[in-house]
Amino acid sequence: MEAASTKRSQQAESDDLTIAYVGGGSREWFPKLAQDLALSGVDGTMRLYDHYPESAERNAKFGNWVQNRDEVTADWTYEAIEDEDEALDGADVVILSTQFDPLETFVPDLDITKDHGIYHAVGATIGPGGIFRAMRTIPDYRRIAARVRENCPDAWVFNFTNPVHFVTRALYDEYPDINAVGLCHEVIHAREHLAELAREEFGMPDAEMSDISVNVKGINHFTWVDEAYCDGTDLWPDLEEFAQSEQANRTFTSEDLEDVSPFNDEWQVSWELFRRFGVLPFAGDRHIVEYATSFLQNGKEGLNRWGVKRTGSDFRAKHWDPSESEQTTDVTAWMDGEEEFELEASNEAFLNILEGLNGGERFVTNVNMPNRGQMEGIEHGTVVETNAVVSAGEIKPLSAGGFPRPVRSLVQRHVDTIETVVEASRDGDVDKAFEGFLIDPQVQTLQTEEAEELFTDLVNAERDYLADWDLEGARVLDDS
């Protein structure tokens with residue numbers, strides 16, 4: 001594969017990097033990152049900024065606490081900063097990882113949408129919940145892009161916030177010359193699964209995730225591959241054979257999934273789409289079903305049939321409190337000695353990217369960046385997910401080719417929703433955002449009047465988080 005386009009070269013070349021972390025109170029990403037940095041070959045300072053200052057202060061305390069471990073190989077200092085411009089001033093790298101209180105946002109996204117007959121599996125990146133998460137988040141990210149332009153225009157900006165495609169696109173829409181990259185670990189998890197299949201089913205007992213290389217293409221959480229190798233061996237014939245096996249053709253009942261984590265992935269949706277279209281989805285089934293929406297039909301029974309379990313509002317409501325959440329990390333329990341702590345690296349790609357940009361080893365990974373020709377048949381400028389080469393001062397997306405026509409159609413319709421909502425955000429045009437809402441495939445299962453009621457109900461439940469939108473001037477909300 002040849003390089004399709006090159007991001008403006010900006011090397012993070014320094015023995016003492018300055019990282020600004022917007023959303024520095026992160027309950028999931030930061031605890032991993034602090035450990036990865038502690039075990040890295042890069043030194044620096046991290047400034048943590050958050051709407052909730054006490055969360056940033058807690059993480060700064062944890063980051064400095066980690067630095068006192070015997071196994072540490074790098075020198076990092078963490079400080080909580082209460083002013084966003086001060087945090088960004090002169091930064092080499094900016095990390096974005098933000099979220100609003102799920103009780104006031106995620107919960108109504110899921111519950112109100114379900115009341116109107118749409119059975120979200122996740123509700124975080126597409127569909128009614130994903131669109132409203134985007135509407136809440138995009139205005140902040142436009143402001144962040146403007147502040148990056150003012151305070152650190154050449155910094156590399158890494159976005160971990162969902163919905164990745166919406167908000168990364170908004171960064172570029174506000175500041176076209178920004179060096180922004182959206183990151184997600186779904187492709188990494190899928191590569192881990194292929195390595196497991198190679199070991200257990202394809203006669204490659206020593207296969208590891210690092211041996212797996214794939215040609216990634218799509219949009220975040222709706223990625224596909226049409227090439228897959230394990231240490232140079234073509235896996236495609238094995239995958240085609242396995243797709244016909246009993247293991248790839250299972251069905252489930254709600255009772256089967258009663259005690260199963262919603263993050264469990266049976267890959268049954270992926271194998272079904274592979275059999276139908278000849279290319280393999282390469283994100284978790286819980287995400288894939290929200291883009292290939294026929295799998296959401298018939299509610300809980302229809303979803304569970306494929307081994308997918310809905311991530312319900314009760315689960316999301318606990319996300320804010322690490323002591324209750326199954327997903328977030330209680331760093332205070334580690335620091336207080338209530339839970340045993342062991343310093344260990346994650347499998348996230350960010351550290352490899354950072355070291356590559358800083359002149360370290362050349363690295364290939366999946367990234368979300370504007371389409372400059374790396375993906376055929378999809379609108380230029382929209383944020384797409386492909387592989388890229390990371391080297392000193394450069395992230396270069398690789399040509400991924402195109403899709404079979406049916407798959408291109410599935411992808412492009414979501415691109416149209418994303419682009420419409422981002423365009424609407426330029427001047428807070430609620431009616432235009434509603435147009436993007438109406439063409440979402442999940443919403444299109446409703447009559448237009450019902451879709452309008454759903455949109456209005458979500459606006460009314462989340463008005464405090466939509467202050468940047470012209471709610472008063474919206475025709476769609478006239479009767480609300």
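Check the entry above for the structure.
Residues numbered from 1 in each chain as written. Predicted model: local features only at pLDDT ≥ 70, side-chain atom pairs only at ≥ 80, totals over all residues. Heavy atoms only, no water.

Draft legend 1. Examining the pairing of strand β4 (residues 93-96) more closely. In β4, alternate side chains face the same way, and those of Val93 and Ile95 on one face and Val94 and Leu96 on the other are all buried. The pairing of strand β1 (residues 17-22) with β4 spans four bridges and is parallel. When the bridges of β4 are listed, Val22 appears paired with Leu96. Note: β4 against strand β5 (residues 156-159), four bridges, orientation parallel. Paired with Leu96 across the bridge in β5 is Asn159. (Buried < 20%, exposed > 50% of the residue type's maximum accessible area, 1.4 Å probe, protein only. Helix = DSSP H or I, 4+ residues; strand = E, 2+ residues; numbered from the N terminus. Pairing = 2+ DSSP bridges.)

Draft legend 2. Expanded view of the nonpolar core. Core analysis: the biggest nonpolar cluster contains 127 residues, and Met46, Val94, Phe158, Ile395 and Phe455 have the highest contact counts within it. No other element matches the nine residues that helix α5 (residues 127-151) contributes to this core. Discounting chain neighbours no more than four positions away, the residues touching Phe158 are Val93, Val94, Ile95, Leu96, Val181, Leu183, Phe350, Ile353, Leu357 and Ile395. Counting 26 residues, the second largest nonpolar core, distinct from the first, contains Leu194, Phe202, Ile212 and Phe274. (Core = buried A, V, L, I, M, F, W, Y, C linked by side-chain atoms within 4.5 Å. Contact = heavy atoms within 4.5 Å.)

Draft legend 3. Examining the pairing of strand β3 (residues 76-80) more closely. Judged from the five bridges that link them, strand β2 (residues 44-49) and β3 form a sheet pairing that is parallel. Bridge pairing in β3 places Gly44 opposite Trp76. With helix α2 (residues 53-66) bridging β2 and the parallel β3, this β-α-β connection has right-handed handedness. (Right-handed = clockwise from strand over helix to strand, strands pointing away.)

Draft legend 4. Region of the structure containing helix α16 (residues 430-438). Buried residues of α16: Val430, Asp431, Ala433, Phe434, Gly436 and Phe437, and no others. Buried residues along α16 sit in contact with α5, α15 (405-425) and α17 (448-461). If you check the start of α16, you find a side-chain oxygen 3.1 Å away from the backbone N of Asp431, and it comes from Asp429. (Polar contact = N/O pair within 3.5 Å; in protein donor to acceptor, adjacent residues only side chain to side chain.)

Draft legend 5. The packing of aromatic side chains, seen in detail. Inspection of the entire model under this criterion finds 26 aromatic pairs. With centroids separated by 6.0 Å and ring planes inclined at 65 degrees, the aromatic side chains of Tyr21 and Phe30 adopt a geometry described as edge-to-face. Considering the side-chain rings of Trp267 and Trp271, the 5.7 Å spacing of their centres and the 50 degrees angle between planes classify their relative orientation as tilted. What makes Trp267 buried here is its relative accessible area of 3%. When its relative accessible area of 2% is taken as the criterion, Trp271 is described as buried. Taken together, Tyr21, Phe30, Phe62, Trp65, Tyr78, Trp334 and Phe341 form an aromatic cluster joined through their ring pairs. Of note, Lys32 hangs over the ring of Trp29, and the distance from its end group to the ring centre comes to 5.3 Å. Across from the ring centre of Tyr119, 4.9 Å away, lies the NZ or CZ of Arg310, which sits over that ring. (Phe/Tyr/Trp six-rings, centres within 6.5 Å; stacked < 30°, edge-to-face > 60°. Lys NZ or Arg CZ within 6 Å of the ring centre and 35° of its normal.)

Draft legend 6. Broad picture of a negative patch on the surface. Side chains of Asp111, Asp115, Asp314, Glu449, Glu452, Glu453, Asp457 and Asp478 sit close together on the surface and give a patch of like negative charge. Of all the secondary-structure elements, those providing two or more residues to the negative patch are α4 (106-115) and α17. If one sorts the elements of the negative patch by residue count, α17 sits on top with four residues. The residue Glu453 is located in helix α17 in this model. (Patch = residues over 30% accessible without salt bridge, like charges linked within 9 Å, V, L, I, M, F, W, Y side chains within 5 Å. Areas by Shrake-Rupley, 256 points an atom, 1.4 Å probe, with all protein chains shown as cover. Salt bridge = Lys/Arg side-chain N within 4 Å of Asp/Glu carboxyl O. Lys, Arg positive; Asp, Glu negative; His and termini not counted. Charge placed at Lys NZ, Arg CZ, Asp CG, Glu CD.)

Draft legend 7. Local environment of the packing of α16 against α17. Between α16 and α17, the least distance of the axes is 11 Å, while the angle of their chain directions is 125 degrees. Judged on the interaxial angle alone, α17 and α16 are oblique. Crossing of α16 against α17: the hand is right-handed. Contacts between α16 and α17 pair Val430, Phe434, Phe437 and Leu438 from the former with Ala451, Glu452, Leu454, Phe455 and Leu458 from the latter. Within the contact of α16 with α17, the residues separate by chemical class into eight nonpolar, no polar and one charged. (Axes fitted to C-alpha atoms, helices over the stretch in contact; angles between N-to-C directions. Parallel < 35°, antiparallel > 145°, perpendicular 65-115°, else oblique. Left-handed = near helix turned anticlockwise from the far one by under 90°. Nonpolar A, V, L, I, M, F, W, Y, C, P; charged D, E, K, R; others polar.)

Draft legend 8. Geometry of unusual backbone geometry. Following Asn162, the chain continues into Pro163 via a peptide bond in cis, with omega recorded as -5 degrees. By the element assignment, Pro163 lies in the loop between β5 and α6 (164-174). Non-glycine residue His221 carries a positive phi angle of around 70 degrees. A relative accessible area of 3% places His221 in the buried class. Positive phi, close to 50 degrees, is recorded for Asp231, a residue that is not glycine. The topology assignment puts Asp231 in the loop between β8 (222-230) and β9 (233-234).

Draft legend 9. Structural view of the pattern of salt bridges. Summed over the entire model, instances satisfying the criterion amount to 20 salt bridges. Here Glu348 ties to Lys32 by a salt bridge, and the two come within 3.5 Å at their closest N and O atoms. In this pair, Glu348 sits in the loop between α13 (331-335) and α14 (350-357) while Lys32 sits in helix α1 (residues 29-38), placing the two residues 316 residues apart along the sequence. Lys32 gets classed as partly exposed once you look at its relative accessible area, which sits at 27%. The partner of Asp173 in a salt bridge is Arg169, and the shortest N-O contact between them spans 3.9 Å. Separated by four residues within a single helix, Asp173 and Arg169 lie in helix α6, roughly one turn from each other.

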